[in-house]
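Spelled out, the chains give:
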Amino acid sequence: MAIPSGTGTEVLKNITVEDNNDNQESHAVGAGNIWTILTITACNVSGTDTAAAIRMYDGSYQISIWEGTVPANSTMVWNDRFVLEQSDFLRFWNGAQNFDWMISYIVQDFGA
């Protein structure tokens, strides 16, 4: 894991996925980076209630952060902060077509 030692950057970023279709998205934290997840928004624009999940994978274990059902034509917002270290993965999944995701996060880059 990167340990802050003086120089580095801190940048606000986002991940957007439009029309995720019963698929798991996986995003890796790069070397020398720490992500602080600020907000995850999941919008179910399909006409049926559908299951969805947010998970963290550390290379050995997949940890469920949230699992539930998002009603048809509704939005779920996750505002609890959590941190991912280098080599961790942020994973999110939904079981229907027409599901949009937006993740806002801070990237702290302390170099490799």
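Refer to the structure above for everything that follows.
Every chain's residues receive numbers from 1 upward, in the order its sequence appears when written. Per-residue local features are limited, in this predicted model, to residues with pLDDT of at least 70; the limit for side-chain atom pairs, both in listing and counting, is 80 or more; totals at the level of whole chains, interfaces and linings are taken over all residues. Heavy atoms from the whole structure form the basis of all side-chain values; hydrogens and water molecules are not counted.

A.B. asks: Explain unusual backbone geometry here, please?
C.D. replies: Leave glycine aside and you will find that most residues have negative phi; peptide bonds, for their part, are mostly trans. Positive phi is not limited to glycine here, since Asp19 has a value of about 55°. Here Asp19 shows up in strand E1 (residues 9–20). Relative accessibility decides the category of a residue: with a 1.4 Å probe and only protein chains considered, values under 20% of the type maximum give buried, values over 50% give exposed, and everything between is partly exposed. By relative accessible area, which is 41% here, Asp19 ends up partly exposed. Phi at Asn73 takes a positive value of approximately 55°, unusual for a residue other than glycine. In DSSP terms, a helix is any run of H or I states spanning at least four residues, a strand is any run of E spanning at least two, and both are numbered starting from the N terminus. Tracing the backbone through its elements, the reader meets Asn73 in the loop between strand E5 (62–70) and strand E6 (74–78). Overall, the relative accessible area of 59% leaves Asn73 in the exposed class.

A.B. asks: Whenever I open this one, the pairing of strand E3 (residues 33–44) confuses me. Can you help?
C.D. replies: Within a regular strand, the side chains alternate between the two sheet faces. Of all 12 residues making up E3, 9 are buried, and the element is well covered by its neighbours. Both E3 and strand E9 (residues 99–109) contribute to a ladder of 11 bridges, which runs antiparallel. Among the inter-strand pairings, Thr41 is bridged to a residue of E9, identified as Met102. Pairing between two strands requires that DSSP report at least two bridges joining them. Both E3 and strand E7 (residues 82–85) contribute to a ladder of 4 bridges, which runs antiparallel. Paired with Trp35 across the strands is Leu84, a residue of E7.

A.B. asks: Is there a simple way to think about the pattern of salt bridges in this case?
C.D. replies: Two side chains bearing opposite charge may form a pair once their charged atoms approach each other closely. Every case where a carboxyl oxygen of Asp or Glu lies within 4 Å of a side-chain nitrogen of Lys or Arg is listed as a salt bridge. If you walk through the whole model with that rule in mind, you get 1 salt bridge. Ionic pairing is found between Glu67 and Arg55, a salt bridge with its closest N-O pair at 3.7 Å. Of this pair, Glu67 sits in strand E5 while Arg55 sits in strand E4 (residues 50–57), placing them 12 residues apart in sequence. Overall, the relative accessible area of 48% leaves Glu67 in the partly exposed class. Its relative accessible area of 16% is what places Arg55 among the buried residues.

A.B. asks: Could you clarify how one ought to interpret the sheet that holds strand E2 (residues 24–28) in this entry?
C.D. replies: Within a sheet, each strand pairs with its neighbour through backbone hydrogen bonds, oriented either parallel or antiparallel. Spatial ordering of the open sheet is given by E2-E8-E4-E5, a layout of 4 strands whose pairing is antiparallel. Strands at the two margins of the open sheet, each flanked by one partner only, are E2 and E5. Across the sheet, the axes of successive neighbouring strands diverge by a mean angle of 15°, strand direction being ignored. Note: E4 against strand E8 (residues 89–94), 6 bridges, orientation antiparallel. The residue bridging Ala53 from the neighbouring strand is Trp93, located in E8. Lines fitted to C-alpha atoms define the axes, with helix axes restricted to the stretch in contact, and inter-axis angles between N-to-C directions lie between 0 and 180 degrees.

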